[in-house]
Amino acid sequence: MIKAKQKPLAEIRALIAPYQKILILGCGTCVTISFAGGEKEVGLLASSLRIAAGMDGLQKTFAEATVQRQCEWEFIDAVADQIKRADAVLSLACGIGVQALAERYPDKVVLPGVNTTFLGMAIEHGVLVERCRACGDCVLGLTAGICPIARCAKNLLNGPCGGSQKGKCEVDPEMDCAWQLIYDRLARLGQLDRMEVLQPPKDWAKDYDGGPRKIVREDLRL
Ligand code: SF4
Ligand code: SF4
């Protein structure tokens, strides 16, 4: 899932400074699981902003809403009236949700309340880790299901780099060397011969041509 963390309160306060009626809009999917932008975080942030505005003697109102997914228009349209009543929408969704709002409501100010950080998962409560960079040409079938692009500090397709020490990365000794993990798992699967297959340089021009990427499924189009 997409992982995100809430922006510092001071930054959010600076973003909303010109506006009086603010709708804080959460998203019930990825950012809820990241503890960054779900219903609970919307309520906590609204309380903090109300207190801060009160202490500064500012006449601001903060409405609250959370939709199931901010990246789909049918869900954000469910709160269209609240969006229209606000001077600005402070979105606690990922950058996709913010842009979905901006595209759907072109006359409305939309502000980001979180920093979208990576694609990943929780390995324990409160610890989120990156697992994918959405490179567009997945190599997990060659690397024992461990991503060398997201998990190796040098994004090496042919590793290890030579700096790995006792299974840890030379860039960050706290971090497991991704290529040690790949080696160990290939050994476990009896597929160590795959370590000897030299991967060609990734064709970033093909997989990521510098512009916004698009998937078109003609079979699903209406
Ligand atoms: S190779 Fe890594 S970055 Fe690319 S799609 Fe697969 S998991 Fe994601
Ligand atoms: S030590 Fe391992 S994870 Fe770190 S950069 Fe080298 S190959 Fe990548």
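Here the residue index of a chain counts from 1 through its sequence in written order. Whichever chain is written first is A, and whichever ligand is written first is 1; the rest continue in order. Residue-level local features of this predicted model are given only where pLDDT is at least 70; pairs of side-chain atoms are given and counted only at 80 or more, and the full residue set underlies all totals for whole chains, interfaces and linings.

Student: I'd like to hear about the domain arrangement of the protein, residue by residue, with values.
Tutor: For the protein, the assigned domains are domain 1 (2-118) and domain 2 (133-207). Note that the domain bounds reflect an automated or database-derived domain assignment. A separation of 37 Å is found between the C-alpha centroids of domain 1 and domain 2.

Student: Explain the pairing of strand β6 (residues 114-124) to me, and be specific about the residues and the numbers.
Tutor: Where a strand is regular, its side chains alternate between the two sheet faces. DSSP-based pairing: two strands are paired if at least 2 bridges between them are found. In this description a helix means any DSSP run of H or I spanning at least four residues, a strand means any run of E spanning at least two, and both kinds are numbered starting from the N terminus. Here strand β1 (residues 2-6) pairs with β6 via 5 bridges, running antiparallel. Residue pairing for β6: A4 is matched across the bridge by T116. In textbook terms, the turn of a hairpin is the stretch between consecutive antiparallel strands, and for β6 and strand β7 (residues 127-132) this stretch comprises 2 residues, one of which, G126, has a positive phi near 85°.

Student: Run through the sheet that holds strand β2 (residues 21-27), naming residues and quoting values.
Tutor: Taken in spatial order, the 4 strands line up as β3-β2-β4-β5 in an open sheet, and their pairing is parallel. Of all the strands in the sheet, the pair left with one neighbour each is β3 (61-67) and β5 (109-112). Here the strands of the sheet are splayed against their neighbours by 25° on average, with no regard to which way each runs. Two strands pair when backbone bridges link them, and strand β4 (residues 88-91) and β5 are joined in this way by 4 bridges, in the parallel orientation. Its bridge partner lying in β5, S91 is registered against P112. Its contacts with the sheet place helix α1 (residues 9-16) against β2, β4 and β5, and it is angled at close to 160° to β4. We call two residues in contact whenever the C-beta atoms placed from their backbones are within 7 Å. Helix axes are fitted to C-alpha atoms over the stretch in contact, other axes to C-alpha atoms as well, and angles between N-to-C directions run from 0 to 180 degrees. In this fold helix α3 (residues 39-55) packs onto β2 and β3, with an angle of close to 175° to the strand it touches most, β3.

Student: Mind laying out unusual backbone geometry, listing which residues take part and the relevant values?
Tutor: Note the cis peptide between G159 and P160, where omega equals 0°. Relative to the assigned elements, P160 resides in the loop between α7 (148-151) and α8 (178-189). Notably, K166 is not glycine yet its phi reads approximately 50°, a positive angle. By the element assignment, K166 lies in the loop between α7 and α8. Once C-beta atoms are placed from the backbone, each residue is buried if 20 or more other C-beta atoms lie within 10 Å of its own, exposed if 12 or fewer, and partly exposed for counts between those two. In this structure K166 comes out as exposed when scored by C-beta crowding, with 7 C-beta atoms within 10 Å.

Student: Can you explain α8? Please cite residues and give values.
Tutor: An α-helical turn contains 3.6 residues, so any two residues separated by three or four positions project in the same direction. In a helix, the anticipated span is given by 1.5 Å times the number of residues less one. The terminal C-alpha atoms of α8 lie 16 Å apart, and with 12 residues this matches the ideal 16 Å at 1.5 Å per residue to within 8%. In this fold, the buried residues of α8 make contact with α7. Looking at the residues trailing α8, positive phi occurs at G190, about 70°.

Student: A description of the sheet that holds β7 should follow, citing residues and the corresponding values.
Tutor: Strand order in the open sheet made by the 3 strands is β1-β6-β7, with antiparallel pairing throughout. Edge positions in the sheet fall to β1 and β7, since each has one partner strand and no second. Ignoring strand direction, the axes of neighbouring strands in this sheet form an average angle of 70°.

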